Amino acid sequence: MSQETKRIKELFGYARTLTKEQGLGVMAARAAGFFKRRFFGKRARYLPAKKTLEAQRAEAAQSAANWPTISILTPLYNTPPRFLQQFLDSVQAQTAPNWQLVLVDASDSAHAEPGRLAQERAAQDSRILYRKIGNGGIAANTNAAAALAGGDYLALADHDDMLAPHAVFCMSKALAETGADFAYSDEALFEKTPRRPRVGHFKPDYAPEYLMAVNYICHLAVFRRSLYEAVGGERPACDGAQDHDLFLRLIDEMQRRDPAAKPLHIPQVLYYWRVHAASTSGGTAAKPYVEAAARKAVADHLAATGRHGTVEPGRFPGTCHVAWDLPDPQPLVSILIPNKDHTDDLETCLHSLYAKTTYENFEVIVIENNSTDPATVDYYKKIPQRYERARVVGYTGGFNFSRINNFGRKYANGSYLLLLNNDVEVINGDWLSQMVGECSQPGVGICGAMLYYPDDTIQHAGIITGLGGYAGHSHKYHKRGGSGYMFRLATVQDFSAVTAACLLVRTSVFDAVHGLDEKLTVAYNDVDFCLRVRDAGWRIVWTPYAELYHHESKSRGSDEKDPAKQARFAAEHDRLYAVHGKENVLHDPYYNPALSLDYEDFRESGDLRHLK
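Keep in mind it's a predicted model, so treat the numbers as computed, not measured.

About the thresholds
Residues numbered from 1 in each chain as written. Predicted model: local features only at pLDDT ≥ 70, side-chain atom pairs only at ≥ 80, totals over all residues. Heavy atoms only, no water. Helix = DSSP H or I, 4+ residues; strand = E, 2+ residues; numbered from the N terminus. Buried < 20%, exposed > 50% of the residue type's maximum accessible area, 1.4 Å probe, protein only. Contact = heavy atoms within 4.5 Å. Areas by Shrake-Rupley, 256 points an atom, 1.4 Å probe, with all protein chains shown as cover. Expected span 1.5 Å × (residues − 1). Phe/Tyr/Trp six-rings, centres within 6.5 Å; stacked < 30°, edge-to-face > 60°. Polar contact = N/O pair within 3.5 Å; in protein donor to acceptor, adjacent residues only side chain to side chain.

*Asks:* Mind showing me how you'd approach the overall build of the chain here?
*Replies:* If you tally the helices and strands in the chain, you get 19 helices and 23 strands. Expressed as a percentage of the 612 residues in the chain, the buried residues total 58%. Sequence-distant contacts, at least 24 apart, represent 78% of the contacts inside the chain between residues at least 6 apart. Put simply, the chain shows about 24800 Å² of open surface, and 53% of that area lies on carbon and sulfur atoms.

*Asks:* Which parts of the structure should I look at to understand the environment of alanine 304?
*Replies:* By secondary structure assignment, the location of alanine 304 is in helix α11 (residues 289–305). Taking the C-alpha atoms as reference points, alanine 304 and arginine 249, separated by 55 residues in sequence, lie 8.7 Å from one another.

*Asks:* What is the right way to read helix α7 (residues 167–178) from this model?
*Replies:* Residues spaced three or four apart along an α-helix point in a common direction, a consequence of the helix completing one turn every 3.6 residues. For α7, spanning 12 residues, the distance from its first C-alpha to its last is 17 Å, which sits close to the expected 16 Å at 1.5 Å a residue. Residue glycine 179 follows α7 closely and has a positive phi angle near 70°.

*Asks:* Which parts of the structure should I look at to understand the packing of aromatic side chains?
*Replies:* The way to describe two aromatic rings as a pair is by their centre distance and the angle between their planes. In total, this model carries 22 aromatic pairs according to the counting rule given. Plain terms: the ring middles of tyrosine 184 and tyrosine 216 are 5.8 Å apart, the flat faces sit at 80° to each other, and that makes the pair edge-to-face. Separated by 32 residues along the polypeptide, tyrosine 184 in strand β6 (residues 182–190) and tyrosine 216 in the loop between α8 (208–213) and β8 (221–224) bring together distant segments of the chain. Judged by its relative accessible area of 0%, tyrosine 184 falls in the buried class. Taking the relative accessible area as the measure of exposure, tyrosine 216 reaches 2% and is therefore buried. For the ring pair tyrosine 524 and phenylalanine 569, a centre distance of 5.8 Å and an interplane angle of 25° mean the geometry is stacked. Residue tyrosine 524 is located in the loop between α16 (507–512) and α17 (525–535), and its partner phenylalanine 569 is located in helix α18 (residues 563–580); the two are separated by 45 residues in the primary sequence.

*Asks:* Would you explain the environment of histidine 244 in this entry?
*Replies:* Tracing the backbone through its elements, the reader meets histidine 244 in helix α10 (residues 242–257). Histidine 244 sits 49 residues away from alanine 293 along the chain, and the two C-alpha atoms are 9.1 Å apart. Residues in contact with histidine 244, not counting those within four places in the same chain, are Leu211, Met212, Val214, Asn215, Ala294 and Val298. Here the side chain of histidine 244 touches leucine 211 through a polar contact of 2.7 Å, landing on its backbone oxygen.

*Asks:* What exactly am I supposed to notice about helix α15 (residues 431–439) here?
*Replies:* Along α15, 9 of the 9 residues are buried, which leaves the element largely enclosed by surrounding structure. Listed in full, the buried residues belonging to α15 are Trp431, Leu432, Ser433, Gln434, Met435, Val436, Gly437, Glu438 and Cys439.

What follows is the structure, encoded as structure tokens:
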């Protein structure tokens, strides 16, 4: 079955479910929005309607005096006049008046036009401040602009980009309401006009591991001026990745003051990033020094926060990977593998585990689950002799994935538990080292792995709650080796959940949340478990650097046609909502409301109503 056929089949299945649960009208409205977006909705799709902009102007006229002023810092350097003209127009068209634009001009003598344009606008609008400066590089020039700023908050904007008309309104109102020190928005790329954007970058809420791997925050970022001053502004040593470096240091300072502090994400496209030959929006090949600067920024962040690892180039330009120093001595990992017959699968799993894994300190506990084949007993007898530190324990009772793993935990001695399906096969030798490295980081309770189908398409790259109404796998069916949406297939990620087919968890965390929910016998027990761990204050990460094959569903077959299994599946749907709340399930903080809940490939939603 082709990837597209699988998606179509899943979409129709979701339509049936939606019709059953919420009615034909809801399903029809969603379908209409999807087809409108798919075939007719490209033009100005991220811009609010005129009525919305008019309403914002009216509200700002009444309330903006109580909102903070945002000083927009924009260094100029040989800016093409047409680009600068469009940028200035976009700032002056803001629906809220509480902004200041600080233009510092380091253009050379052959490019006098940017200065002339800027001075003309400054003469017409007192909120625009212009200064001619010597060129000290992007970080030094930005610091020069910050020294002139009078606003409570600072924003960074490039001289060749454009602001959405509601950028200041959304930011200043949100900052006034929340008191946040740092906020960021979504963005879109364009070539000629924001009315015809090429693509949107719809970001998650604050995701610390993702931010170390790549500067996903980018534009529009707004932060308190006093915070910027406290960290010393931007660092010329990180020119090329100066904003990435700044964001890491701003967050470090916020969390030094309050460990629970984090940036506020405003899920609106408030910034338009121009794509042209010299811009990093088209890729870091335009500026190769960006990658080295980003690695320095992350390495300095590790040093400042007392974490130990080596910052390596990521799998794609513009990304980083931290190879964490492992705890010394290596902690014991107890690998729990439920099994019923299927000794061929189990042998493939165990052989790959022992033949390839470079992490040395692990034990294996095979949890026997009511096997009926006499050959299985003979196979079990040989396991301790063939595989060091491996043993079999006997579980009795009906199939209940949660109960089986909770039973196996009683026999585990490790400070980490690895839940592993019997139909998983190890690919890269350092997979467990990578997972232990991630899971041993402060605040991380669980780590998941990259799982492929045998045909080298993706089975699991993290779980997003709300997909299909309940939960789905990120980038499912994508080909192996891609970067994914905004590098989300190629970088260590923060997620709300990962699959228990290969899940590493601190034993203390497993015990603290009382293990897996035994009322979830087959489906969603891993989602529920991860959500409970997240609610207890721990973070869940996923790494693409732990790669395994998953020969999925060989052990239990399909649920699609068996009425009893369908009924159980529906009950487990209901329990997920009952325990965690439907709205919490449908709104994953590591996803974005502008992205589709009908597909697993990060395509845009069919209606984008929340942007309007």
